[in-house]
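Structural features, examined
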Amino acid sequence: MEDPEYSELRHSELRHAELRHADLQYPIGKFDRSKAAHSAEDRKRLIDSIADLPERLRSAVAGLNGKQLDTPYREGGWMVRQVVHHLADAHMNAYARFKLALTEETPAITPFDEAAWAELADSRVTPIEVSLALVENLHARWVVLLRSLKPEDWERKVTHLKAGQMALNLMLSLYAWHGAHHVAQIDALRARNQW
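Residues numbered from 1 in each chain as written. Predicted model: local features only at pLDDT ≥ 70, side-chain atom pairs only at ≥ 80, totals over all residues. Heavy atoms only, no water.

Things to note about helix α2 (residues 40–61)
Taking 1.5 Å of rise per residue, 22 residues should cover 32 Å, and α2 covers 32 Å from first to last C-alpha, within 8% of that figure. In α2, a bend of some 45 degrees at Asp52 exceeds every other bend along the element, and Pro54, a proline, comes one to four places later. Every buried residue belonging to α2 is among Arg43, Leu46, Ile47, Ser49, Ile50, Leu53, Pro54, Leu57, Ala60 and Val61, and all of these are buried. Its buried side turned inward, α2 meets α4 (80–103), α7 (128–148) and α8 (168–193). Gly63 occupies a position one or two residues after α2 and carries a positive phi of about 80 degrees. (Helix = DSSP H or I, 4+ residues; strand = E, 2+ residues; numbered from the N terminus. Expected span 1.5 Å × (residues − 1). Bend = angle between axes of the 7 residues up to and from the residue. Buried < 20%, exposed > 50% of the residue type's maximum accessible area, 1.4 Å probe, protein only. Contact = heavy atoms within 4.5 Å.)

Set out below in structure tokens:
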């Protein structure tokens, strides 16, 4: 029969390991849908975050060598290189989704299999400079678009096949979080490894 004290200790250790794993995967926490931007001040702050992402991403990977870029940010996670390419992939999709929402009436948008995309050759072997430049140029265009929107535009919606209807207010919050989330994963890996 198992010692109850040992069993409780083991359960506690497993729970701490799960929490550490969650912290590594979500170093700034999971996205909170209740945090949609509702005021002009919220939107300005989030657009500024999207505008600053290319510089924050470039800073997060500055000086990393090939071996470091091929290190997963956590056990079972993507390599740093894949995270950088994923940001380009996801934000290209986001930009297109914003344009669809602004030009069509509640368009249906399809999710993409980000894990499968991350395993394609372009995400595994392409130099990160390609995606760093892509993110920089994409965000330059995206921010021009975002700053041009009128207050009523932020209520326009898309219908995501898995997440349901999403207004641009919510999508702005989601993608500002998304960029910060992945930069934090890289920053946390660098801190843990003292890179």
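Some words on the sheet that holds strand β3 (residues 164–167)
With respect to topology, three strands assemble into an open sheet ordered β1-β2-β3, the strand pairing being mixed. Only two strands of the sheet have a single neighbouring strand rather than two, namely β1 (108–109) and β3. Across two bridges, the pairing between β1 and strand β2 (residues 157–160) is parallel. The partner of Ile109 across the bridge, within β2, is His160. Packing against the sheet, α4 makes contact with β1 and β2, and its axis sits at approximately 120 degrees to β2. (Pairing = 2+ DSSP bridges. Axes fitted to C-alpha atoms, helices over the stretch in contact; angles between N-to-C directions.)

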